[in-house]
Amino acid sequence: MSLEKQLGSLRQQIDEIDAELVSLLKKRTQVTKNIGKLKSENALPVYVPEREKVLISARREQAEKIGVSPDLVEDILRRMMRDSYHSQHAKYACINPKVSKIVVIGGDGALGKVFVSLFKNSGYPVTVLEKEDWPKADTILQDADLVIVSVPINSTIEVIRALPKLNKDCILADVTSIKSQPLEAMLDVHEGPVLGLHPMFGPDAPGMIKQVVVVCEGRFPASYSWVLEQMQLWGAYLYHSSSEEHDHAMAYIQVMRHFSTFVYGQHLEQENPSLNELIAFSSPIYRLELAMVGRLFAQSPELYADIIFSNKDSILLLKRFSQRFEQAIKLLENGDKAGFVQQFDQAAAWFGDYAQICLSDSKKMLLKADDSHLLRKIE
């Protein structure tokens, strides 16, 4: 038999196996949808970390025994599970069926739509209040059980302070990425339950499964405990923090990171290298880094301006970063490799064991980036 025929026969076998895999995936999807229905009927969370851990461990062990790569099996399982979580979340249980009205101020915005969808999929009656509806705000907000403020950062305080008097039992919450000022404003204008939330994900997330939501307690936590329980049912991980701790951390996590990315992207634009050549000559890790820079500039400049400009304390932090950048350049100008190595070691010691975790995690991301990378000409 010729080489061509041998290859053709083997490829036919692969096609048949792949078709069988697709059929099995369909069967699995149907089972996960049935699981989702049962979970919804019995108010069980979509994401159960313990179950996922046991499942992956068992399949890795099975793969090892039969000579299949456990890492390959885990990658496939995690991709299937991610898809199954989202196929399960079409409908959720309603934690508090006594709720008669939820109002999302800014519910037509990107993040607001996520909350509107999740509450509606849980069977809650949801009303959206937008800027053009403000003349009717008194009527719309009347008898609301939960009011969520989901507006741009630079409008949040103004909107909170302009709220009409709410029912004393109404829960007032915000989902802004800064917490101290909005929380203080809500406590000032409303005598009832107050809750500060910061969903640590973008509006392109399909839901809250495996997403972190920072919780800053305001007033009367027993009254809004059902809101937190509902988010956990949606698959969120809740991280409790004071508003001061939150805003301090955000200076590093959001402001400093976004500002540095902005400056790097602006520097590339001013230097004007060929973007095609940068991509062509890039290692997988640089493609990922460049992708994160490009991702920033694919989104709203107003959003990132609000995030960066909202925390005035960040200016001093960014100035210290600039000074350290200049100091690092001095090492380079002076040819001080020993000084560079010394400072490198100091930073590595600060990261400690987490550096090795990052190395392992990034290797997995790089493998996936290699698989999905397609070199294309940018017009």
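Heads up: the structure comes first, above all this text.
Quick caveat: nothing in here was measured; it's all calculated off a predicted structure. (Residues numbered from 1 in each chain as written. Predicted model: local features only at pLDDT ≥ 70, side-chain atom pairs only at ≥ 80, totals over all residues. Heavy atoms only, no water.)

### Side note on the overall build of the protein
And then number 1: Looking only at helices and strands, the protein has 15 helices and seven strands in total.
And then number 2: Each principal axis of the C-alpha atoms in the protein carries an extent, and together these give about 85 × 65 × 45 Å.
And then number 3: Taken across its 379 residues, the protein has 36% of its residues classed as buried.
And then number 4: Relative to all contacts within the protein whose residues are 6 or more apart in sequence, the contacts with residues 24 or more apart total 68%.
And then number 5: Taken as a whole, the protein presents about 24100 Å² of accessible surface, with 57% of it coming from carbon and sulfur.
And then number 6: Taking the average location of the 43 positive side-chain charges in the protein and that of its 49 negative ones, the two points are 5 Å from each other. (Helix = DSSP H or I, 4+ residues; strand = E, 2+ residues; numbered from the N terminus. Buried < 20%, exposed > 50% of the residue type's maximum accessible area, 1.4 Å probe, protein only. Contact = heavy atoms within 4.5 Å. Areas by Shrake-Rupley, 256 points an atom, 1.4 Å probe, with all protein chains shown as cover. Lys, Arg positive; Asp, Glu negative; His and termini not counted. Charge placed at Lys NZ, Arg CZ, Asp CG, Glu CD.)

### A word on the packing of aromatic side chains
And then number 1: Per the counting criterion, the structure on display carries seven aromatic pairs.
And then number 2: For the pair Phe119 and Tyr124, a centre-to-centre distance of 5.5 Å together with 85° between the ring planes defines the contact as edge-to-face. Here the two residues Phe119 and Tyr124 agree in accessibility, since each one is buried. (Phe/Tyr/Trp six-rings, centres within 6.5 Å; stacked < 30°, edge-to-face > 60°.)

### Looking at the sheet that holds strand β7 (residues 237-240)
Across a sheet, paired strands are connected by hydrogen bonds in the backbone, their directions being either parallel or antiparallel.
And then number 1: Read from one edge of the open sheet, seven strands run β2-β1-β3-β4-β5-β6-β7, paired in mixed fashion. On the outer flanks of this sheet lie β2 (126-129) and β7, each paired with one strand and no other. Taking each pair of neighbouring strands and ignoring which way they run, the sheet shows an average axis angle of 25°. (Pairing = 2+ DSSP bridges. Axes fitted to C-alpha atoms, helices over the stretch in contact; angles between N-to-C directions.)

### Observations regarding helix α6 (residues 153-161)
And then number 1: Buried residues of α6: Ile153, Thr156, Ile157, Val159 and Ile160, and no others. With its buried residues spanning 165° around the axis, α6 presents them on a single face. Exposed positions of α6 whose direction lies more than 90 degrees from the buried face are Asn154, Glu158 and Arg161.
And then number 2: Looking at the buried positions of α6, the neighbouring elements they touch are β1 (102-105), β3 (146-149), α7 (180-189) and α12 (301-310). (Arc of directions from axis to C-beta.)

### Quick look at a nonpolar patch on the surface
And then number 1: On the surface, a nonpolar cluster with roughly 350 Å² of combined accessible area is contributed by Ile66, Val68, Leu72 and Ile76.
And then number 2: With respect to the helices, strands and loops of the structure, Leu72 is situated in helix α3 (residues 70-88).
And then number 3: Since its relative accessible area comes to 45%, Leu72 is described here as partly exposed. (Patch = residues over 30% accessible without salt bridge, like charges linked within 9 Å, V, L, I, M, F, W, Y side chains within 5 Å. Salt bridge = Lys/Arg side-chain N within 4 Å of Asp/Glu carboxyl O.)

### Side note on unusual backbone geometry
And then number 1: One non-glycine residue, Asp143, lies in the positive phi region at around 65°.
And then number 2: Structurally, Asp143 can be placed in the loop between α5 (137-141) and β3.
And then number 3: The phi dihedral of Phe220 falls on the positive side, at around 55°, and the residue is not glycine.
And then number 4: For Phe220, the position within the fold is in the loop between β6 (212-219) and α8 (221-233).

### What to know about the packing of helix α9 (residues 243-271) against helix α11 (residues 284-297)
Packed helix pairs are specified by the crossing angle of their axes together with the interaxial distance, meaning the distance between the axes.
And then number 1: Across the interface, α9 lies against α11 with an axial gap of 9 Å and an inter-helix angle of 95°. Regarding the angle of α9 to α11, the classification is roughly perpendicular. Seen from α9, the contacting residues are His258, Thr261, Phe262, Tyr264, Gly265, Gln266 and Leu268; seen from α11, they are Tyr286, Leu290, Met292, Val293, Leu296 and Phe297.
And then number 2: Of the residues in the contact of α9 with α11, the class split is nine nonpolar, four polar and no charged. (Parallel < 35°, antiparallel > 145°, perpendicular 65-115°, else oblique. Nonpolar A, V, L, I, M, F, W, Y, C, P; charged D, E, K, R; others polar.)

### A few points about the pattern of salt bridges
And then number 1: Applying the stated rule across the entire model yields 10 salt bridges.
And then number 2: Between Lys210 and Glu52 there is a salt bridge; the shortest N-O distance is 3.0 Å. Taken together, the positions of Lys210 in the loop between β5 (194-199) and β6 and Glu52 in helix α2 (residues 49-66) put the pair 158 residues apart, joining distant regions of the chain.
And then number 3: In this structure Lys210 comes out as partly exposed when scored by relative accessible area, which is 41%.
And then number 4: The closest approach of N and O atoms between Lys165 and Glu191, which form a salt bridge, is 3.8 Å. Highlighted residues: Lys165 in the loop between α6 and β4 (171-174) and Glu191 in the loop between α7 and β5, separated in sequence by 26 residues.
And then number 5: In this structure Glu191 comes out as partly exposed when scored by relative accessible area, which is 47%.
And then number 6: Shared partners join several salt bridges into a network, and the residues in it are Glu52, Arg60, Asp71, Glu74, Arg78 and Lys210.

### Brief notes about the packing of α6 against α7
And then number 1: Across the interface, α6 lies against α7 with an axial gap of 9 Å and an inter-helix angle of 5°. In terms of orientation, α6 lies roughly parallel with respect to α7. Residue-level inspection shows Thr156, Ile157, Ile160 and Arg161 of α6 in contact with α7, the latter providing Gln181, Pro182, Ala185, Met186 and Val189.
And then number 2: Grouping the amino acids of the contact of α6 with α7 by side-chain chemistry returns six nonpolar, two polar and one charged.

### Some words on α11
And then number 1: Between its terminal C-alpha atoms α11 stretches 20 Å, which fits the 20 Å expected from 14 residues at 1.5 Å a residue.
And then number 2: Among the residues of α11, Arg287, Leu290, Val293 and Leu296 are the ones counted as buried. (Expected span 1.5 Å × (residues − 1).)

### Quick word on the pairing of β4
And then number 1: With burial as the criterion, each face of β4 is covered, one bearing Ile171 and Ala173 and the other bearing Leu172 and Asp174.
And then number 2: Both β3 and β4 contribute to a ladder of four bridges, which runs parallel. Across the sheet, the residue bridging to Val147 is Leu172, located in β4.
And then number 3: Once you follow β3 into α6 and on to β4, the crossover reads as right-handed.
And then number 4: Pairing analysis gives three bridges linking β4 to β5, with the strands arranged parallel. For Ala173, the partnering residue across the bridge sits in β5 and is Leu195.
And then number 5: Crossover connection from β4 via α7 to parallel β5: handedness right-handed. (Right-handed = clockwise from strand over helix to strand, strands pointing away.)

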